[in-house]
Amino acid sequence: MPVTDAFRAYVEEQLGRVKPVTTRKMFGGLGIYAEGLFFALAADNVIYFKVGEENLADFEARGCEPFRPYDDGRAMKYYEVPGDVIEDVELLETWVGKAISVARAAKR
């Protein structure tokens, strides 16, 4: 699950274009936070956003895969973010907003 320093800088730069974010190392990867909420993670130099009813269809429509950190193949409720979304500020803003909304709802 390692994340390189260069990828961490990339994540912070790209996501920071739409929302102030902070990152914390966790289990070799990164926890990604905005508005005090854990809404994304990075592992193996891949970004994953938190999913719920509000945004799951967006990920499924693009054939995105869930994060599967367990040996038995179980998935977490985080899905890989497509590269074109990371590069497009308008798309990224929408996807980040939805992931933060899901994180906010999960916290309640």
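For the structure itself, consult the block above.
Residues numbered from 1 in each chain as written. Predicted model: local features only at pLDDT ≥ 70, side-chain atom pairs only at ≥ 80, totals over all residues. Heavy atoms only, no water.

K.L.:
Explain the sheet that holds strand E3 (residues 37-43) to me, using residue names and the numbers behind them.
P.N.:
If you walk across this open sheet you meet the five strands as E1-E2-E3-E4-E5, and the pairing is antiparallel. This sheet does not close on itself; its edge strands, each paired only once, are strand E1 (22-26) and strand E5 (78-80). Sheet twist, expressed as the mean angle between neighbouring strand axes with direction ignored, is 30 degrees. Here E3 runs beside strand E4 (residues 46-50); their pairing, made up of four bridges, is antiparallel. (Pairing = 2+ DSSP bridges. Helix = DSSP H or I, 4+ residues; strand = E, 2+ residues; numbered from the N terminus. Axes fitted to C-alpha atoms, helices over the stretch in contact; angles between N-to-C directions.)

K.L.:
Explain the environment of Arg-8 to me, using residue names and the numbers behind them.
P.N.:
Checked against the element boundaries, Arg-8 lands in helix H1 (residues 5-16). Judged by relative accessible area, which is 21%, Arg-8 ranks as partly exposed. The spatial distance from the C-alpha of Arg-8 to the C-alpha of Leu-30 is 7.8 Å, given a sequence separation of 22 residues. Discounting chain neighbours no more than four positions away, the residues touching Arg-8 are Val-3, Thr-23, Arg-24, Lys-25 and Leu-30. (Buried < 20%, exposed > 50% of the residue type's maximum accessible area, 1.4 Å probe, protein only. Contact = heavy atoms within 4.5 Å.)

K.L.:
Lay out the pattern of salt bridges in plain terms, naming residues and giving numbers.
P.N.:
This structure, assessed with the given rule, holds six salt bridges. The salt bridge partner of Glu-35 is Lys-19, with a shortest N-O separation of 2.7 Å. Here the residue Glu-35 occupies a position in the loop between strand E2 (29-34) and E3, and Lys-19 occupies one in the loop between H1 and E1, the gap between them amounting to 16 residues. Among the salt bridges present, the one from Arg-74 reaches Asp-72, with a minimum N-O distance of 2.8 Å. Take Arg-74: its relative accessible area is 48%, and that puts it in the partly exposed class. (Salt bridge = Lys/Arg side-chain N within 4 Å of Asp/Glu carboxyl O.)

K.L.:
Report on the nonpolar core, specifying residues and quantitative values.
P.N.:
Core analysis: the largest hydrophobic core is formed by 28 residues, its most contacted members being Leu-15, Ile-32, Phe-39, Phe-49, Phe-59, Leu-92 and Val-96. Residue assignment for this core shows that the elements contributing at least two residues are H1, E2, E3, E4, helix H3 (83-87) and helix H4 (89-107). Apart from residues lying up to four places away in sequence, Phe-59 is in contact with Phe-49, Val-51, Cys-64, Tyr-79, Glu-80, Val-81 and Trp-95. Core analysis: the second largest hydrophobic core is formed by six residues, Ala-43, Tyr-48, Phe-67 and Tyr-78 among them. (Core = buried A, V, L, I, M, F, W, Y, C linked by side-chain atoms within 4.5 Å.)

K.L.:
Give me the lowdown on H1, citing residues and values where you can.
P.N.:
The end-to-end C-alpha distance of H1 is 16 Å, a good match for the 16 Å that twelve residues give at a rise of 1.5 Å each. Within H1 the residues assigned to the buried category are Phe-7, Val-11, Gln-14 and Leu-15. With its buried residues spanning 90 degrees around the axis, H1 presents them on a single face. Within H1, the exposed residues directed more than 90 degrees away from the buried face are Asp-5, Ala-6 and Glu-13. Those residues of H1 that are buried lie in contact with E2, E3, E4, H3 and H4. (Expected span 1.5 Å × (residues − 1). Arc of directions from axis to C-beta.)

K.L.:
Could you give me a rundown of the pairing of E4, with the residues and numbers involved?
P.N.:
Of all five residues in E4, five are buried, a share of seventy percent or more. Between E3 and the antiparallel strand that follows it, E4, lie two residues; Asp-44 among them carries a positive phi value of about 50 degrees. Strand direction decides the pairing type here: E4 and E5, joined by three bridges, are antiparallel. Residue pairing in the sheet places Lys-50 in a bridge with Tyr-78 of E5.

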